[in-house]
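What follows is the residue order along each chain.
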Amino acid sequence: MIYEQPQKSVYIKTMGCQMNEHDTEVILGILTSLGYHEVGSVEEADLILYNTCSVRENPERKVYGHITSFRALKEKNPSLVIGICGCMTQQKLELENILQKLPHVDLIFGTHNIHRLPELLDRAASGERIVEVWDQGEDIIEDLPVQRRDPLRAFVNVIYGCTNFCTYCIVPYTRGRERSRDAEAIVEEVRALALDGVREITLLGQNVNAYGKDLKNPTDFAELLHRLNAIPGLERIRFTTSHPRDMKDPLIEAMAALDKVCEHLHLPVQSGSSEILRRMNRGYTREDYLELVRRIKNVIPNVNLTTDIIVGFPGETEEDHQATLDLVEDVGFSSSFTFLYSPREGTPAAKMADQIPEATKKQRIYELIELQNRISAATMAAEVGSIRDILVESYDSVKKTLLGRTKNHYQVVVEGPEHLVGEIVEVRITRSLTWTLRGELLGNHSSAVC
Ligand code: 5AD
Ligand code: SF4
C-alpha cells in the first residue's frame, strides 16, 4: 500500500527588490520538491520564512516586530520552524542582533547558500538551531527548481552581486562581488521558459549592464540581448536595473534595434546634484546623466524612463535638492521611486558629517513627490490617442475588463473577453487615469465574453 506523505505548509514573506522576489520563487521551488505547499497566513504554517531586505532601516524594524510576535505561535506549536534569510542575515552586526533578540528563530541562512536549504531545514526540523551564512557565493548554482508565480512573465537572473560601492548602499556587502551567469545557461533557461508559454522575461541584476565583464570569455549585455531576441515564442524582454555609468551606446542601439526589447529603461539617477553624486560615488555628473538621456531619447522613440532618487543624503543643501527637482522636470520620468536617505551601518555615508534632519528630508521628499505626480500625469496624458500593443495579463470577471501593459511599461485597462489573457493585442489609448490608462481594443477581437 502506498501512503501519501503528509504535506507541510510554508508561509513566506518577501521584502525588497525583484532579486528577492525571484529568490523566493527558487526557495518555493525547493520547498515544493520537499513536499511543502504555500499558505497565506502564519497560523496555518509549519514553516515561517522571512526573506529580508537591508536597503533601508524601516523594513528591517518590521522584521523584528513581526518575528517577535510569532513567539506565542511557537509556544503553542513547538515544532513550528521560524526562519530568516536574505540580506539582513548577511550583515555581521545584524546577524548578531537577530541571534540575540530573536532566540525563537530556528533557521538562518543567507543569500549565497539557498541551495543548501534541504539539509538546513532537515536539521532545523529536528530541533537544532541552524545558522549558516556564507560571506561570498561559490560558483553559480544552476538548475535549482523554481516555482514561478506568473505563467506569462518570468524573472531571469543574469548577474549576481554588485561591486559599485555607492557610499550609501549595503548591497555590495550583502550580495557580494559581481558574478555573471554563463550566457549559454541564460539562453537555455529562456528557451525553456518560452517553450513553457512564457511571453515576457525580466532580466535581473543589481547592475545588468555590467553583465559579462567577469566571464572567462567576456561578453556584454547588448550581445546577450541579441541572443535572447532570437528565441522563438518569446515576445518581450525587459531588464532591471541599469547603472547610468555603464549605459553605453551598443546597449542603447540594441534596445532600439531589437523588436522584443521593451522601450522602458529604469535608470536610477539618485540625485540631480553633481556634488552629491560625487559623494555617493556614482561615477557620473548631472551633465553626464542629462547627456545620456538625450542620446537615449534620440535613438529610442517612445522610451519610457523611470528612476530612483534618494532624498536627504548627508550634506545635501537646499540648492542640491533644487537641482534634483530641476533634473526630474527636465528628464520627465514617468515615475520615480523616491527614498528618504537611511544610514546603513558599515557604509561610508553613515559616517559622513552633515546628516540631514528627518523633518528636512520629509519636506524635500514631499516636494519631490508632488512634482513627480504632476509629471507622471502629464506623461500618461501624452499617451492618449496612441495605438499600442499590450500583453494581456489578467481578466476582471466583475468589470469584464482586461489588464495589460504596453511595451513601454504603461498599464492599460480595456473591455474585452477573458480568452485574450496571454495574447498581445492592439489597443487605442482613450483616457489617462492616475496610474493606469484606459483603452479600447482594435482589430478583430470578439468582445463577447466566452
Ligand atoms: N537609503 C535610502 N535609499 C537607498 N537606496 C539604496 N540604499 C539606500 C539608503 N541607504 C535606494 C537607491 C536604490 C534603491 C534600490 O534603493 O535609490 O537605487
Ligand atoms: Fe547599491 Fe550602487 Fe550597487 Fe545599486 S549600483 S546595488 S545602489 S552599490
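These figures come from a predicted structure and were not determined experimentally.

Within the protein chain, the secondary structure is distributed over 13 helices and 19 strands. Computed over C-alpha atoms, the radius of gyration of the protein chain comes to 23 Å, within 12% of the 22 Å expected from 2.2 N^0.38 for 450 residues, which places it in the range of a compact globule. When each of the 450 residues of the protein chain is scored for burial, the buried share is 53%. Looking at the protein chain alone, contacts between residues at least 24 apart form 73% of all its contacts between residues at least 6 apart. Of the roughly 20600 Å² that the protein chain leaves accessible, carbon and sulfur atoms contribute 50%.

Quick look at the nonpolar core now. Core analysis: the biggest nonpolar cluster contains 68 residues, and I201, L203, F221, L228 and I296 have the highest contact counts within it. At six residues, the largest contribution of residues to this core is made by helix α7 (residues 183-195). Two domains each donate at least three residues to this core, and these are domain 2 (148-262) and domain 3 (270-280 + 288-382). Dropping the residues within four chain positions of it, L203 is found in contact with V156, V158, V208, F221, L225, L228, I237, R238, F239 and T240. Formed by 22 residues, the second largest nonpolar core is a distinct cluster that contains M15, V39, C53 and Y64.

For the rest of this paragraph, the subject is the sheet that holds strand β17 (residues 411-415). Read once around its circumference, the closed barrel built from five strands follows the order β15-β16-β17-β19-β18, with strand pairing classed as mixed. Recorded for the sheet is a direction-independent mean angle of 50 degrees between the axes of neighbouring strands. Bridge analysis of β17 against strand β19 (residues 437-441) gives three bridges, and the strand direction is parallel. Within β19, the residue paired with V414 across the bridge is G439.

In this structure the tally under the stated criterion is 31 salt bridges. Across the salt bridge formed by E57 and R61, the nearest N and O atoms sit 3.3 Å from each other. Of this pair, E57 and R61 both sit in helix α2 (residues 57-69), four residues apart, roughly one helical turn. On the basis of relative accessibility, which here comes to 33%, the residue E57 falls in the partly exposed class. One salt bridge in this structure joins E275 and R278, with 2.9 Å as the shortest N-O distance.

About the cut-offs
- Residues numbered from 1 in each chain as written.
- Chains lettered and ligands numbered in written order.
- Predicted model: local features only at pLDDT ≥ 70, side-chain atom pairs only at ≥ 80, totals over all residues.
- Heavy atoms only, no water.
- Helix = DSSP H or I, 4+ residues; strand = E, 2+ residues; numbered from the N terminus.
- Rg over C-alpha atoms; globule rule 2.2 N^0.38 Å.
- Buried < 20%, exposed > 50% of the residue type's maximum accessible area, 1.4 Å probe, protein only.
- Contact = heavy atoms within 4.5 Å.
- Areas by Shrake-Rupley, 256 points an atom, 1.4 Å probe, with all protein chains shown as cover.
- Core = buried A, V, L, I, M, F, W, Y, C linked by side-chain atoms within 4.5 Å.
- Domains from an automatic or database assignment.
- Pairing = 2+ DSSP bridges.
- Axes fitted to C-alpha atoms, helices over the stretch in contact; angles between N-to-C directions.
- Salt bridge = Lys/Arg side-chain N within 4 Å of Asp/Glu carboxyl O.

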